Amino acid sequence: MRLALINGRRVAYEISGDPTGKPVLIIHGAWGGPSSTLWNGPRIRWQAPTDGLKLIWYDRRCAGLSQYDAELFTLEDLANDAVGVLDYLEIEQTAVIATSAGGPIGLSLALDYPERVESLVLLNTGASLMSLEPSGVDLGDPFVVDRLETVSKRLALLDLLEAAGLEAAIAASEEEWRSPPQPPDPDPSLASFRENRQRTLANVSDCELARLAHGALLNMKAQRGVDLSSKASGIDCPVLIVHGDADTTVPIAFGRALTKTVVQGELVALAGVGHGLIVNPNAQRLVGKWLRNR
């Protein structure tokens, strides 16, 4: 990973693939916080061919090795961070891959800076990930019901943060921060890195855990109540939406809802595939081929 000072903030980034290829900015998922910053394994696991593609992966605000803030920030701030990375690397226009919690950031980037986004790939994401009433989604869908239960718990944690402060919010959720849920089908090659992270999480000081967890909560708060569904029709670049039909984290109903609103959007549903498409080799090959054909 490389570190850069961008707009007065420390940003960690990495570049791989074809150094002379089309730039592709990757906006990662999840909410950041302890699990991401204490991870010492590989940041990019792109196993598909990268001929013709220069992959740029950066750690978002309050995630990975990038700077943590203690003050509130917005979705627009997160999109501005992405633009700052492009400016620093002197890239005028790029393809964008936005995955999971990075999806609304990618949408915001394409809406607010259309001249910077040549094409947009949205992986297992939606236009509203921190709302109990996401537009265009069947609220009776069992997968959606489960999703909204998770969102409800996160919103309750944000309410506690606001009402009682950081100490109370961390105390109510410390077990989750110290023992994050594992993927259903973990990559055995990363087992040692996961074990190292678990040991670090178990022994990190309460003060440091609170600082890192606060960053994750701020990322959640930046997307609280956000619903870009009505604005998504204004995106004028080609958009590829890829979703697994077995995704229980962000159900495919969110991807289908996106397809109905994005004018130039096309949906590819992967049968029997769950969350985490950014590291799925089949999804990577599909996305790489689509980007090279733009």
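Residues numbered from 1 in each chain as written. Predicted model: local features only at pLDDT ≥ 70, side-chain atom pairs only at ≥ 80, totals over all residues. Heavy atoms only, no water.

(A) Spatial organisation of the overall build of the chain. Each helix and strand counted, the chain has ten helices and eight strands in total. Over its C-alpha atoms, taken along the principal directions, the chain stretches across nearly 50 × 45 × 40 Å. A sequence separation of at least 24 residues applies to 79% of the contacts in the chain between residues at least 6 apart. A total accessible area of about 12,800 Å² is found for the chain, and carbon and sulfur atoms account for 51% of it. Put simply, the chain has 27 plus and 36 minus side-chain charges, and the middle of one group is 4 Å from the middle of the other. (Helix = DSSP H or I, 4+ residues; strand = E, 2+ residues; numbered from the N terminus. Contact = heavy atoms within 4.5 Å. Areas by Shrake-Rupley, 256 points an atom, 1.4 Å probe, with all protein chains shown as cover. Lys, Arg positive; Asp, Glu negative; His and termini not counted. Charge placed at Lys NZ, Arg CZ, Asp CG, Glu CD.)

(B) Here's a closer look at the packing of aromatic side chains. Under the counting rule described, the total for this entry stands at two aromatic pairs. An angle of 70 degrees between the planes, with centres 6.0 Å apart, marks the rings of Y13 and Y88 as edge-to-face. Pair noted here: Y13 is in strand β2 (residues 9–17) and Y88 is in helix α2 (residues 75–88), with a separation of 75 residues, a long-range link. For Y13, a relative accessible area of 7% puts it in the buried group. Judged by centre distance (5.9 Å) and plane angle (55 degrees), the ring pair of W39 and F193 falls under tilted. A residue pair is termed long-range when its members are at least 10 positions apart, and W39 in the loop between α1 (34–37) and β4 (53–58) and F193 in helix α6 (residues 191–203) qualify at 154 residues. When the ring centre of F73 is taken as reference, the NZ or CZ atom of R61 above it lies at 5.1 Å. (Phe/Tyr/Trp six-rings, centres within 6.5 Å; stacked < 30°, edge-to-face > 60°. Buried < 20%, exposed > 50% of the residue type's maximum accessible area, 1.4 Å probe, protein only. Lys NZ or Arg CZ within 6 Å of the ring centre and 35° of its normal.)

(C) Main features of the pairing of strand β6 (residues 117–123). Within β6, six of the seven residues are buried, leaving the element largely enclosed by the surrounding structure. In this region the chain leaves strand β5 (residues 94–99), passes through helix α3 (residues 103–112) and returns to the parallel neighbour β6; the handedness of that crossover is right-handed. By the bridge criterion, four bridges tie β6 to strand β7 (residues 239–244) in an arrangement that is parallel. Note on β7: the bridge partner recorded for L120 is V239. (Right-handed = clockwise from strand over helix to strand, strands pointing away. Pairing = 2+ DSSP bridges.)

(D) Representation of the packing of α2 against α3 in the model. Relative orientation of the contacting elements α2 and α3 amounts to 75 degrees, with a least axis distance of 9 Å. Overall, the two elements α2 and α3 adopt an arrangement that is roughly perpendicular. Here α2 contributes L75, E76, L78, A79, A82 and V83 to the contact with α3, which in turn contributes P104, I105, S108, L109 and D112. Residue classes in the contact of α2 with α3 are distributed as eight nonpolar, one polar and two charged. (Axes fitted to C-alpha atoms, helices over the stretch in contact; angles between N-to-C directions. Parallel < 35°, antiparallel > 145°, perpendicular 65-115°, else oblique. Nonpolar A, V, L, I, M, F, W, Y, C, P; charged D, E, K, R; others polar.)

(E) Quick look at empty space enclosed by the protein. Applying the stated rule across the entire model yields two cavities of 30 Å³ or more. Estimated volume of the largest cavity: approximately 60 Å³. Along the walls of the largest cavity sit G126, A127, S128, P134, S135, V137, S229, F254, A257, L258 and T261, which together make up its complete lining. In terms of residue count, helix α9 (residues 252–261) provides more of the lining of the largest cavity than any other element does, four residues in total. Among the residues forming the lining of the largest cavity, the class breakdown is six nonpolar, five polar and no charged. (1 Å grid on protein atoms, 1.4 Å probe; cavity = no way out; pocket = protein on both sides within 12 Å on 5 of 7 lines; lining within 4 Å. Points joined across faces, edges and corners; volume = space filled by probe spheres on them.)

(F) Examining the environment of H28 more closely. Here H28 lies in the loop between β3 (22–27) and α1. C-alpha separation for the pair H28 and A63, spaced 35 residues apart in sequence, amounts to 9.7 Å. For H28, the contacting residues outside a window of four places in its chain are W57, Y58, D59, R60, A63, T99, A101 and G102.

(G) Structural detail: helix α7 (residues 206–222). Spanning 17 residues, α7 covers 24 Å between terminal C-alpha atoms, matching the ideal 24 Å at 1.5 Å per step. Within α7, twelve of the 17 residues are buried, which leaves the element mostly enclosed by the surrounding structure. Within α7, the full set of buried residues consists of L209, A210, L212, A213, H214, G215, A216, L217, L218, N219, M220 and A222. Buried residues in α7 make contact with α1, α2, α4 (142–164) and α5 (166–178). (Expected span 1.5 Å × (residues − 1).)

(H) Broad picture of the nonpolar core. Counting residues in each nonpolar core, the largest one holds 42 residues, and the members touching the most others are L25 and L120. With six residues, the single largest contributor to this core is α2. With residues up to four places along the chain from it excluded, the contact list for L120 reads V96, G106, L107, A110, I235, C237, P238, V239, L240 and W290. (Core = buried A, V, L, I, M, F, W, Y, C linked by side-chain atoms within 4.5 Å.)

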